[in-house]
Amino acid sequence: MTMKVPRYDYRSQFERLDEFMVELSNMLVDGHYVLSGEVAEFERAFAEYLGCSFVVGVNTGTDALLCSLKTLELQPEDEVITQANTFNATVSAICLAGLKPILVDVNEDTFLMNIDQAMAVAGPRTRVLLPVHLYGKPTPMRELLQECAKRGVELIEDAAQAHGARIEGRRVGTFGVLGCFSFHPSKNLAAAGDGGAIATNRADLQGRLMALRALGQVGQNNHLQVGYNTKLDSIQAKVLSWKLPSLDRWNEQRRSIARSYRERLSDLPLKFQTWDEGEEHVFHLFVIRTEHRERLLEYLQSNSVDAVVRYPVPIHLQPAFSGCGWRKGQFPVAEALARELLCLPTRPNLTIAEVEYVSDCVRSFFKGGASSRDYSIAQTRGES
Ligand SMILES: Cc1ncc(COP(=O)(O)O)c(C=O)c1O
């Protein structure tokens, strides 16, 4: 029997909804909509949660990256190293900041930045290293931090997919000089619209970021620099503060779902993103790797499983970056992952029955079960 398995369930993210709606309507009639107390309160709470000194709320994760790069006051064409498999925003922000993106490939097993390659391409114009904690898996930080310190390079973390992830107890987003978060509705900590934030331990950077997000304003009508207008919206801050106390529990549920998927799929010809000792992966996405990605995707969707591909085109092959001089074949692991990764539905309240159904669908695809006749690999190979 077919079961519908969606990727999101927003109702379940609002515990005590009636109470929340009362507070929200008070906010609406109160009229303090821009950089109100709700924003300051969320910034305080998120900084405490992360274990860093400051958080500055902005409009999106893309703006968090852009403002972070802008606030370091780099020279045009200074280089920022990042990875070839990430969401477009990581690299767009580098370009929008007037800097030069330098890509490196990723590791076959972690799907994260290849640190050796990053060190090999770092040169005299390299100012920033920008690893992405992709799919919620923390990029190992110890070696990166040492290398950055040795070379005088700043480390900015793209933690847009990794709220709450930890390495040896420390939250990602707090290792680098700046850590960037997105609260897009798809994220582990989701606003009811767009939202973003930057974490830092440096008071000088916090001050600059607060000005930068508000048209360079420090005090009423006193504009010290040319800035952006990119503030975290007060209503979004309220939503985020409401959800934040649940984040660790939700992330634990995501880990438990990942464990269940891995157990149920372990004997199939699939690869998983590695899950290392000492790290707390937060499984923003649960990804599997298979050469049969396109047909499996079609099969799962035809069985009402909301599987999705993140990301089918690696950065260096995106038309937006055609002027950067990258070519097909340059980052072979990123290209293979773009062809072969598939995200199975995951969300904190995915039930065991749903995990079982999705896993059974994947199993029947590979084993050529009755319901999968049209799609099964056995059939493609002409086996009966
Ligand atoms: C890795 C990564 N970086 C940056 C962003 C940009 O965030 P936003 O969509 O809030 O601008 C996202 C999310 O969408 C992301 O997944």
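Residues numbered from 1 in each chain as written. Predicted model: local features only at pLDDT ≥ 70, side-chain atom pairs only at ≥ 80, totals over all residues. Heavy atoms only, no water.

S.K.: Help me understand helix α6 (residues 142–151) in this model?
M.R.: What sets the pattern is the α-helix's 3.6 residues per turn: residues three or four places apart point alike. Turning to α6, its buried residues number three or more, namely L144, E147 and C148. Across the axial projection of α6, the buried residues extend over an arc of 100°, all falling on one side. Opposite the buried face of α6, at more than 90 degrees from it, the exposed residues are R142, Q146, A149 and K150. Residues of α6 that are buried make contact with α5 (115–121), β4 (126–129) and β5 (154–158). Following α6 by one or two positions, G152 adopts a phi angle in the positive range, close to 65°. (Buried < 20%, exposed > 50% of the residue type's maximum accessible area, 1.4 Å probe, protein only. Helix = DSSP H or I, 4+ residues; strand = E, 2+ residues; numbered from the N terminus. Arc of directions from axis to C-beta. Contact = heavy atoms within 4.5 Å.)

S.K.: Is there a simple way to explain the side chain of E79 in this structure?
M.R.: Position of E79 among the secondary structure elements: in strand β2 (residues 79–83). Although E79 is buried, it forms no salt bridge, and the closest oppositely charged side chain is K100 at an N-O distance of 4.5 Å. At 3.3 Å, the side chain of E79 forms a polar contact with the side chain of T126. Setting aside residues up to four positions removed in sequence, E79 forms contacts with K100, I102, R125, T126, R127 and V128. (Lys, Arg positive; Asp, Glu negative; His and termini not counted. Salt bridge = Lys/Arg side-chain N within 4 Å of Asp/Glu carboxyl O. Polar contact = N/O pair within 3.5 Å; in protein donor to acceptor, adjacent residues only side chain to side chain.)

S.K.: What should I look at first to understand the confidence of the model for the protein chain in this one?
M.R.: Averaged over every residue, the pLDDT of the protein chain is 95; the share at 70 or more is 96%. In this model, residues 370–376 is a region of pLDDT below 50 whose contacts with residues beyond four sequence positions or in other chains number 16 contacts. Ignoring residues within four places in sequence, the model shows residues 378–384, a span with pLDDT below 50, making four contacts including any to other chains. (pLDDT = per-residue confidence, 0-100.)

S.K.: I tried to follow the pairing of β5 on my own but got confused; where do I start?
M.R.: A regular strand carries its side chains on alternate faces of the sheet. Within β5, four of the five residues are buried, which leaves it mostly tucked inside the rest of the structure. As paired elements, β4 and β5 share two bridges and run parallel to each other. Considered in β5, the bridge of L129 is made with L155. For the crossover that starts at β4, traverses α6 and ends in the parallel β5, the hand is right-handed. Where β5 and strand β8 (residues 178–182) come together, three bridges link them in parallel fashion. Bridged to D158 within β8 is C180. (Pairing = 2+ DSSP bridges. Right-handed = clockwise from strand over helix to strand, strands pointing away.)

S.K.: So what exactly am I meant to see when it comes to the nonpolar core here?
M.R.: Within soluble globular proteins, side chains that are nonpolar generally end up buried alongside one another. Core analysis: the largest hydrophobic core is formed by 40 residues, its most contacted members being F42, F46, L129 and F183. The element that contributes the greatest number of residues to this core is helix α2 (residues 37–50), accounting for seven residues. Sequence-distant contacts of F46, defined by excluding residues within four places in its chain, comprise V55, H163, F181, F183, L189 and L244. (Core = buried A, V, L, I, M, F, W, Y, C linked by side-chain atoms within 4.5 Å.)

S.K.: What am I meant to see in the packing of helix α3 (residues 61–71) against helix α7 (residues 203–212) here?
M.R.: Geometrically, a packed helix pair is captured by the angle between its two axes and the distance between the axes. At a minimum axis distance of 10 Å, the contact between α3 and α7 shows a crossing angle of 120°. Relative to α7, α3 is oriented oblique. The chirality of how α3 crosses α7 is right-handed. Judged by residue contacts, C67, S68, K70 and T71 of α3 engage L205, R208, L209 and L212 from α7. Classifying every residue of the contact of α3 with α7 by side-chain character gives four nonpolar, two polar and two charged. (Axes fitted to C-alpha atoms, helices over the stretch in contact; angles between N-to-C directions. Parallel < 35°, antiparallel > 145°, perpendicular 65-115°, else oblique. Left-handed = near helix turned anticlockwise from the far one by under 90°. Nonpolar A, V, L, I, M, F, W, Y, C, P; charged D, E, K, R; others polar.)

S.K.: Where do I start with the side chain of R7 in this structure?
M.R.: Mapping R7 onto the fold places it in the segment before α1 (17–30). Here R7 falls in the buried class, since its relative accessible area comes to 16%. A distance of 3.4 Å separates a polar atom in the side chain of R7 from a polar atom in the side chain of Y8. A polar contact is formed between the side chain of R7 and the backbone oxygen of D306, at a distance of 3.3 Å. When neighbours within four sequence positions are excluded, R7 is seen to be in contact with D306, V308, R310, P345, T346 and R347.

S.K.: Sorry if this is basic, but what is going on with the site of the ligand here?
M.R.: For the ligand, the set of nearby residues contains 16 residues, the closest of which are G61, T62, D158, S182 and K187. At 2.9 Å, a side-chain N or O of Q161 approaches an oxygen atom of the ligand. For the ligand, an oxygen atom lies 2.7 Å from a polar atom in the side chain of S182. The dominant element in the shell around the ligand, judged by the number of residues it contributes, is α3, at three residues. The class makeup of the residues in the shell around the ligand is six nonpolar, eight polar and two charged. (Near = heavy atom within 4 Å.)

S.K.: For this particular structure, what's the right way to read the packing of aromatic side chains?
M.R.: Both the distance between ring centres and the angle between the ring planes are used here to describe each pair of aromatic rings. Enumeration over the complete set of coordinates arrives at 16 aromatic pairs. Centroid distance Y8 to Y10: 5.7 Å. Interplanar angle 20°. Geometry classified as stacked. Using a relative accessible area of 34% as the deciding quantity, one classes Y8 as partly exposed. Exposure remark for Y10: the relative accessible area of 32% places this residue in the partly exposed category. Consider the rings of F272 and F286, whose centres lie 6.0 Å apart with planes at 45°: the pair is tilted. Of the two residues, F272 sits in strand β10 (residues 271–272) while F286 sits in strand β12 (residues 286–289), which places them 14 residues apart along the sequence. The same class applies to F272 as to F286, namely buried. (Phe/Tyr/Trp six-rings, centres within 6.5 Å; stacked < 30°, edge-to-face > 60°.)

S.K.: Help me understand the packing of α3 against helix α4 (residues 88–96) in this model?
M.R.: Closest axis-to-axis distance for the α3/α4 pair is 9 Å, and the angle between their directions is 40°. The interaxial crossing formed by α3 with α4 has right-handed handedness. The residues of α4 that touch α3, namely those facing T62, L65, L66, L69 and K70, are A89, T90, A93, I94 and L96. When grouped by side-chain class, the residues that make up the contact of α3 with α4 number seven nonpolar, two polar and one charged.

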